[in-house]
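Examining the three-dimensional arrangement
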Amino acid sequence: MSDALVWHLIRDNNSFMVKRGRTSRCGNVQFSSEAGNLLNAHCFKYSGVANSKSVGLSSTLALTTSNPKAQNKPSKATTTAQLNHRVGVKKLTATVVAACASRPDLLAAAKVRVAKACAGAIRANLTHVKKSKKAVRASRRSK
Amino acid sequence: RAGMQTPAESWGTGRAVARIPRVPGGGTSRSGQAAYGNMCRGGRMFAPTKVWRHWHKKISTNQRRYAVSSALAASALPALVMARGHRVNNVPEFPLVLSDSLNRVSTTKAAKAVLQQMGAFDDVEKARDSRKIRVGAGKARNRRYTQRRGPLVIYDVSEGLDKAFRNLPGVELAMVDNLSLLDLAPGGHLGRFCIWTKGAFEKLDSIFGTYEESAKFKSGFNLPRSFMNNADLTRIINSDEVQSVLKPMVSGPDLVIPKKRNPLRKADVRVGLNPYQAAVKAREVTKQSMDKAARGKAIAAKRKVVKGRSKEFSARRKAFIAAASKEGDVTF
């Protein structure tokens, strides 16, 4: 079914839509929480639900690519690949750029997202490393 | 009649009380209290709701059937079903049509196993985990819990299926002969997750008809036709037929706003603003590159010039004063 048609059916209301900051005096920002959205933006271009070809990257560096041929087979429609932040931002960007081969309009957003996700993952894992060193020291002292 | 069961009458004016009707009589705390008004304690509400309100709205049969057809079509698109909120990421195929042996499933345990095998149990879990006590007065009016809707199992013949599936949280059952919009598009939102049995799915053609023939069981009903045969706007716009008759694209003037460069940091920008800066810079450079002796010489030379000038000026001053004193007083 046409991507544009699906988008027009879900653009007003869908379960992934997230609105924040609404008050009686002003509007709100609209985000979209589905996995295949590189900007988490509520718009057709980045939508992971409406588009048959979509790319997504989560904060834990899980890269999701969609298979446009398997649109009516949800279990096969998306492939998720877990990326390793230790490989480095440059190599990760290359992987993500390769995944965006069918969606060149998403390249810019993909690169930004890889950089941010990688930085976040490095930061998250740093604290983990610090803890384990402490544990090592503690165990040495107890000996 | 609630709130109106007193012969209350207003006391009128002149008694230092509001003119609202008051309960007559005496000997009880109720006497003299205000009555009838929606603002009074124990009064009737504003515009008491009547039973003879027009509850049921008519809708033409064709419209109703159009809606059900649309809802069924929407339930076949995983995108719409996911957008509605169903957890269908592990379902192998859409629409999910299971063999007729599903009709003979007779225990809830077996039903659960079937759903788990078909990747449909995620949706049931979602419904189960969403069970909460209702917010609002409804909780005290026999509507205690709310939960999400799970999958809708559509069958044509049940040999135990309905009893097996009915206790699973969120799962609803429907016979294909009387599909309701309330089940297919709950809350008016298209894309309910439907699980079909083979017999039910095959029966759809005779119930709703096809594009080739009218519906057998709905007299005079034909499937709604789509407004656009090809709804893929991107493909239409990019097609040869459309692109070949378009006028060439008019691109506006390429506005290039140059990046601001700070003259305090960039020498070339500073020289552009203040051409004398080049000379200042050159002087500084020579000064830096001079050694101590050369610097001493330069300073001495400068001092000589200044001294010479000061000598000259003092000589001019003295000459002026001498001439002025010789001149004497000036009268106007």
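In case you missed it, the structure is sitting above this.
Heads up: these notes are all about the structure in this document. Just so it is clear, the model here is predicted, and its values are computed rather than measured.

Considerations on the pattern of salt bridges
- Within the structure shown, the criterion is met by twelve salt bridges over all chains.
- For D105(A), the salt bridge goes to R103(A), with nearest N and O atoms at 3.1 Å.
- According to the relative accessible area criterion, R103(A) is buried, its value standing at 9%.
- Note that D268(B) is salt-bridged to R261(B), the shortest N-O span being 3.3 Å.
- You can call R261(B) partly exposed: its relative accessible area is 41%.
- Each of R149(B), E172(B), D183(B) and R192(B) takes part in salt bridges that share partners, so that together they form one network.

Examining a nonpolar patch on the surface
Residue and element names in this part refer to chain B.
- On the surface, a cluster of nonpolar side chains totalling about 560 Å² of accessible area is made up of Y66, F227, M228, L233 and I237.
- With respect to the helices and strands, the residue M228 is situated in the loop between helix 7 (198-208) and helix 8 (233-238).
- On the accessibility criterion, M228 (42% relative accessible area) is partly exposed.

Regarding the packing of aromatic side chains
- Counted according to the given criterion, the structure contains four aromatic pairs over all chains.
- Between W7(A) and F44(A), the ring centres sit 6.2 Å apart and the planes meet at 35°, which makes this aromatic pair tilted. Taken as a pair, W7(A) in helix 1 (residues 3-10) and F44(A) in the loop between strand 2 (29-32) and strand 3 (55-57) lie far apart in primary sequence, 37 residues in all.
- Ring centres of F94(B) and F193(B) lie 5.9 Å apart, and the angle between their planes is 25°; on these two criteria the pair is classed as stacked. Taken together, the residues F94(B) in the loop between helix 2 (78-84) and strand 3 (96-98) and F193(B) in the loop between helix 6 (181-184) and strand 8 (194-197) connect sequence positions 99 residues apart. The burial state of F94(B) is the same as that of F193(B); both residues are buried.
- Lying across the ring of W11(B), R15(B) places its NZ or CZ 4.0 Å from the centre.
- Above the plane of the ring of F208(B) lies K218(B), whose end atom (NZ or CZ) is 4.7 Å from the centre.

Cut-offs applied
- Residues numbered from 1 in each chain as written.
- Chains lettered and ligands numbered in written order.
- Predicted model: local features only at pLDDT ≥ 70, side-chain atom pairs only at ≥ 80, totals over all residues.
- Heavy atoms only, no water.
- Salt bridge = Lys/Arg side-chain N within 4 Å of Asp/Glu carboxyl O.
- Buried < 20%, exposed > 50% of the residue type's maximum accessible area, 1.4 Å probe, protein only.
- Patch = residues over 30% accessible without salt bridge, like charges linked within 9 Å, V, L, I, M, F, W, Y side chains within 5 Å.
- Areas by Shrake-Rupley, 256 points an atom, 1.4 Å probe, with all protein chains shown as cover.
- Helix = DSSP H or I, 4+ residues; strand = E, 2+ residues; numbered from the N terminus.
- Phe/Tyr/Trp six-rings, centres within 6.5 Å; stacked < 30°, edge-to-face > 60°.
- Lys NZ or Arg CZ within 6 Å of the ring centre and 35° of its normal.

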